[in-house]
Structure formats: C-alpha cells, structure tokens
Amino acid sequence: MDKATFGAGCFWGVEALFRRTGGVLDTRVGYAGGKTENPTYRDVCTDRTGHAEVVELTFEPDRITYDQLLDLFFENHDPTTRNRQGPDFGTQYRSVIFCHTPDQEALARVAVARHASRFSRPIVTEIVPAAPFYPAEEYHQRYLEKRGLAHCHL
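Quick caveat: nothing in here was measured; it's all calculated off a predicted structure.

Conventions adopted
- Residues numbered from 1 in each chain as written.
- Predicted model: local features only at pLDDT ≥ 70, side-chain atom pairs only at ≥ 80, totals over all residues.
- Heavy atoms only, no water.
- Helix = DSSP H or I, 4+ residues; strand = E, 2+ residues; numbered from the N terminus.
- Core = buried A, V, L, I, M, F, W, Y, C linked by side-chain atoms within 4.5 Å.
- Buried < 20%, exposed > 50% of the residue type's maximum accessible area, 1.4 Å probe, protein only.
- Salt bridge = Lys/Arg side-chain N within 4 Å of Asp/Glu carboxyl O.
- Pairing = 2+ DSSP bridges.
- Axes fitted to C-alpha atoms, helices over the stretch in contact; angles between N-to-C directions.
- Contact = heavy atoms within 4.5 Å.

**Structural notes on unusual backbone geometry**
Comment: phi is negative for the bulk of residues other than glycine, and the bulk of peptide bonds are trans. The phi torsion at Asp47 lies on the positive side, around 65 degrees, for a residue other than glycine. Tracing the backbone through its elements, the reader meets Asp47 in the loop between helix H2 (41-45) and strand S3 (52-59). In this structure, Arg142 takes a positive phi of about 55 degrees despite not being glycine. Structurally, the position occupied by Arg142 is in the loop between strand S8 (133-135) and helix H5 (143-146).

The structure is reproduced here in structure tokens:
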C-alpha cells in the first residue's frame, strides 16, 4: 500500500472523488502545508495558518498507479487558479500535490507537462515534499457520504 496527498479545493468533493476510485483503500481529509500545529477547521478558515485542505489516501499500486491518481487529480479541478476553486478562495483551497517520495515528485512534474495543453492558462499546482498531515475534525470525514450526497463542486 502507498500513500498520496492532494489538495484541490474543498476537501469534501476531492475525498468523494477518490473514495469511489478502485484501488483506493482509504481516505482522510485534513490539513497540510502550513505552520500551525494541530489546526482546526476554524483556524484554517482564517487563511493565516498556511495549511491547505487536503485528502490523504491509501491506495494499492497494483490496482491503481500514482500516475492514474494524478490524472484524476488534474481532470477534476482547475489547476490554473491560484488559491481558488469555484466559489471557494484562500490559500487553503490551493492546488497542491504533497509528494511522499522522489518518484512521486518526478511523476507529478511529468503529469503537469502532460496536462498543460488542456488549459488556456498555466498550471499553478504546487508540487512539494509531504508535510505533516493533521486530520480534520470527525464531522468532515466522509462529509458528503454522511449526508447522502454524491459530490459537490470541484
């Protein structure tokens, strides 16, 4: 089993996307990439912690590759808008890939080049080493699923 961590706007929709993907065994929503230890949702919403809303997922690389996960990531949000997805704006909604290995970083950079031609503006997705992950509060975990919703905007 391997781990991947992506930020693509509001974590509820991103989690729902990956939860229904074959080969993904588990997901957790949370916060990463900032300076505040153990932030709360309220802290992150101030846009002062530096954290992004992210989804950490555990996957079986024999069933789905990291490269396939990257394709899903780029195909399901706008990686050309800095600190914004749909109506949500702030650094917590930035497009970011937290890489757990040098191989993940290399694959992420290739994926940016592969997807760049799909957009009229440059991709601004951050590609950075994995940062400490802080799980979001329990009510955020599987938020849409708990409410009988299939998706929200991405």
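**Some points on the nonpolar core**
By size, the foremost hydrophobic cluster in this structure holds 34 residues, and its most contacted members are Phe6, Phe18, Leu57, Phe59, Tyr66, Leu69 and Ile97. Those elements that provide at least two residues to this core are strand S1 (2-8), helix H1 (11-19), strand S2 (24-32), S3, helix H3 (66-75), strand S6 (95-99), helix H4 (102-115) and H5. Per-element accounting of this core gives the leading share, 6 residues, to H1. The next biggest cluster of nonpolar side chains, apart from the first, holds 6 residues, and it includes Ala32, Ala52, Val54 and Val96.

**Examining the pattern of salt bridges**
Within this structure, the stated rule accounts for 12 salt bridges. With its nearest N and O atoms 3.9 Å apart, the salt bridge here joins Lys3 to Glu56. Separated by 53 residues along the polypeptide, Lys3 in strand S1 and Glu56 in strand S3 bring together distant segments of the chain. Lys3 sits in the partly exposed class, given a relative accessible area of 39%. Between Glu56 and Arg28 there is a salt bridge, and its shortest N-O distance comes to 2.6 Å. With Glu56 in strand S3 and Arg28 in strand S2, the pair connects residues that are 28 residues apart, well separated along the chain. Relative accessible area serves as the criterion here: at 9%, Glu56 is assigned to the buried category. Assessed through its relative accessible area of 34%, Arg28 is described here as partly exposed.

**What to know about the sheet that holds S3**
Across the sheet, 6 strands lie side by side as S7-S6-S1-S3-S2-S8; this open sheet has mixed pairing. Edge positions in the sheet fall to strand S7 (126-129) and S8, since each of these pairs with one other strand and no more. Within this sheet the neighbouring strands show an average axis-to-axis angle of 35 degrees, counted without direction. Its contacts with the sheet place H3 against S1, S2, S3 and S6, and it is angled at close to 15 degrees to S1. Across the sheet, H4 touches S1, S6 and S7, and the angle it forms with S6 is around 150 degrees.

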